[in-house]
Amino acid sequence: DFDVLVVGGGPAGAAASIYAARKGLNTGIVAERFGGQVADTVGIENFISVQYTEGPKLVNSLEAHVREYNVDIMNNQRAVKLSKADKIQLELQNGAVLKSKTLILSPGARWREMNVPGEQEYRGKGVAYCPHCDGPLFKGKKVAVIGGGNSGIEAAIDLAGIVEHVTVLEFAAELRADAVLVKKANSMVNITIITEAQSTEVTGDGTRVTGINYTDRKTGDAHHIELAGIFVQIGLVPNTEWLRGAVELSPRGEIIVDERGQTSVPGVFAAGDATTAPYKQIIIAMGSGANAALGAFDYMIRH
Ligand code: FAD
C-alpha cells in the first residue's frame, strides 16, 4: 500500500512524486507514458533558468530526478478506475488494484488535432499548438490560427504582437470567442479573420511548413495561403474520461481543484493540465504538482 499514489508521469506527476518522496512518504507513480506531452515537444525556451532544452532531454532529467528517490515507477500502465472505500483504490488496465492513503491525479491533456494531411509531418516544423511556447519562433513571419473560439482569438491577438500577420480560419459561420476578444482582434490591422473555412491540408517543402489549403464552405472554392506557421487552437482535451462520476469535473472535463489541489474527494488531489488551472505550461504543471503533494502531506498528517 502507498501513502501517495500519483497518476501521470508528466511534469506535474514527476514534481508531485519528488515532493511526496522527500517527505518520507511511500510513493508510487503510474504512467501510461513517462514524460507526457513534454516527450512530444521539440524546443523549450520558457522553462525558467534553462534557456533552451528539448522535450526528450527534459524527460530524461525528470526521470533521473524521480529515480534519485525511492519512488515506485510503474511505467506503461494505464489507470482505468478510481474508487474509495477505507483507502483509495486505483484499478489499472492490466487488472491490478493499487491501494493508497492519498492520490494525486495528473493525467494531463491532449491537443485536438485537425486531422488533415501534413499536420503530423510538419508538427514542430511549423505546425504548433502553444502560442506561449512557439510564438516567438515566428517573429516577423506570417502565421495562421486554426479555430475562432476563445483560445484561437486569444492566440491571434497574442501572435499579432510578434509576427507579421495572422490569418484566423474558423470552420463555422460565426466566431465562438467572447465579443470583447473579437472586437480586439478586429481592431488589429495585422489580423484577418476568415469564417466558413475548412482547413484541408498543411503544405510544406519537405522540411518546413509553407502554407495551408482550405475550402470556402459557402462557395466550395479551394484556397491556399502562404505561411511559415500554423497554430492549431481547436481545443485541449483533459485525459479524464475515466474519472467521470469519481471526482467532480468541470463542464470541459477538467478536474476541479481548490488552492491546495484538493478535489471533491477527500484525500484525492490533482495537478497540471487535467485540472481547472487556467494556463497550461510545464512550469505551471510542476508548481501545481508540488502544491498537490504538499496538500496530500498536510492531509496525511491530519488523518
Ligand atoms: P502531461 O504532460 O500531459 O502528462 C500526463 C501524464 O499522464 C503522461 O505521463 C500520460 O501518459 C499520463 N496519463 C494520462 N492518462 C493516464 C491514465 N489513465 N493512466 C496512467 N497515466 C496516464 N509547455 C511549456 O511550458 N513550454 C513549451 O515549450 C511547451 N511546448 C509544448 C509543445 C507541444 C507539442 C505540446 C503538446 C505541449 C507543450 N507545452 C509546453 C505544454 C506542456 O507540455 C504541458 O503543459 C505539460 O506537459 C502538462 O503537464 P502534465 O504533467 O499536467 O501533463
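Residues numbered from 1 in each chain as written. Predicted model: local features only at pLDDT ≥ 70, side-chain atom pairs only at ≥ 80, totals over all residues.

A. Here's a closer look at the overall build of the protein chain. Across its full length, the protein chain carries six helices and 19 strands. Residues classed as buried in the protein chain amount to 43% of the 303 residues present. (Helix = DSSP H or I, 4+ residues; strand = E, 2+ residues; numbered from the N terminus. Buried ≥ 20, exposed ≤ 12 C-beta atoms within 10 Å, placed from the backbone.)

B. Representation of helix H2 (residues 55–67) within the structure. Look at H2: 18 Å from first C-alpha to last across 13 residues, which is about the 18 Å you get at 1.5 Å a residue. Among the structural elements, helix H1 (11–21), strand S3 (43–44), strand S4 (53–54) and strand S5 (71–75) are those in contact with the buried residues of H2. (Expected span 1.5 Å × (residues − 1). Contact = placed C-beta atoms within 7 Å.)

C. Expanded view of the sheet that holds strand S11 (residues 142–146). With parallel pairing, the five strands of this open sheet are ordered in space as S10-S17-S11-S12-S13. The sheet terminates laterally at strand S10 (127–128) and strand S13 (191–194), the two strands that pair on one side only. Relative to S13, strand S12 (residues 165–169) is paired through four bridges, and the arrangement is parallel. When the bridges of S13 are listed, Thr 167 appears paired with Thr 192. (Pairing = 2+ DSSP bridges.)

D. View of the environment of Val 38. Structurally, the position occupied by Val 38 is in the loop between strand S2 (27–31) and S3. Distance in space between the C-alpha atoms of Val 38 and Tyr 279 is 16 Å, their sequence separation being 241 residues. Residues in contact with Val 38, not counting those within four places in the same chain, are Gly 10, Pro 11, Gly 55, Leu 58, Val 59 and Ile 282.

E. Examining the site of the ligand more closely. The full set close to the ligand counts 39 residues, and Gly 8, Gly 10, Gly 36, Gly 108 and Gly 272 are the nearest of them. When residues of the shell around the ligand are traced back to their parent elements, those giving at least two are H1, S2, strand S9 (109–111) and helix H6 (282–302). Here the shell around the ligand is composed, by residue class, of 20 nonpolar, 13 polar and six charged. (Near = placed C-beta within 6 Å. Nonpolar A, V, L, I, M, F, W, Y, C, P; charged D, E, K, R; others polar.)

F. Fine view of the sheet that holds strand S14 (residues 197–204). Taken together, the three strands give an open sheet; going across it, the order is S14-S15-S16, and neighbouring strands pair in antiparallel fashion. In this open sheet, the two strands that pair with only one neighbour each are S14 and strand S16 (222–226). Geometrically, the sheet is characterised by an average inter-axis angle of 25° between neighbouring strands, direction not taken into account. (Axes fitted to C-alpha atoms, helices over the stretch in contact; angles between N-to-C directions.)

G. The arrangement of the pairing of S12 in detail. Summarising burial for S12: four of the five residues are buried, a large majority. Where S11 meets S12, five bridges bridge the pair, whose relative direction is parallel. Bridging from a neighbouring strand, Ala 144 pairs with Thr 167 of S12. In this fold, S11 hands off to helix H4 (residues 150–160), which returns the chain to S12; that crossover is right-handed. Once the chain exits S12 it traverses helix H5 (residues 179–187) before rejoining the sheet at S13, and the crossover so formed is right-handed. (Right-handed = clockwise from strand over helix to strand, strands pointing away.)

H. Spotlight on the nonpolar core. Counting 50 residues, the largest nonpolar core has Val 4, Ala 16, Leu 90, Leu 103, Ile 104, Leu 105 and Ala 270 as the members making the most contacts within it. The dominant element in this core, judged by the number of residues it contributes, is H1, at eight residues. By size, the runner-up hydrophobic cluster in this structure holds 34 residues, among which are Tyr 129, Ala 156, Val 168 and Ala 185. (Core = buried A, V, L, I, M, F, W, Y, C linked by C-beta atoms within 7 Å.)

I. Geometry of the packing of H4 against H5. Between H4 and H5, the shortest axis-to-axis distance is 10 Å and the interhelical angle comes to 30°. It follows that H4 is roughly parallel to H5 by the angle criterion. Classified by chirality, the crossing of H5 by H4 is left-handed. On H5, the residues that touch Asn 150, Ile 153, Glu 154, Ala 156 and Ile 157 of H4 are Leu 181, Val 182, Lys 184 and Ala 185. (Parallel < 35°, antiparallel > 145°, perpendicular 65-115°, else oblique. Left-handed = near helix turned anticlockwise from the far one by under 90°.)

J. Fine view of the confidence of the model for the protein chain. Per-residue pLDDT for the protein chain averages 97, and the proportion of residues at 70 or more is 100%. Model confidence for the complex: the whole-complex pTM is 0.92, and ipTM, which rates the interface, is 0.99. (pLDDT = per-residue confidence, 0-100.)

K. Fine view of the environment of Glu 154. Along the chain, Glu 154 falls in helix H4. Judged by the 18 C-beta atoms lying within 10 Å of it, Glu 154 is partly exposed. Remark: the alpha-carbon pair of Glu 154 and Pro 266, spanning 112 residues in sequence, is separated by 35 Å.

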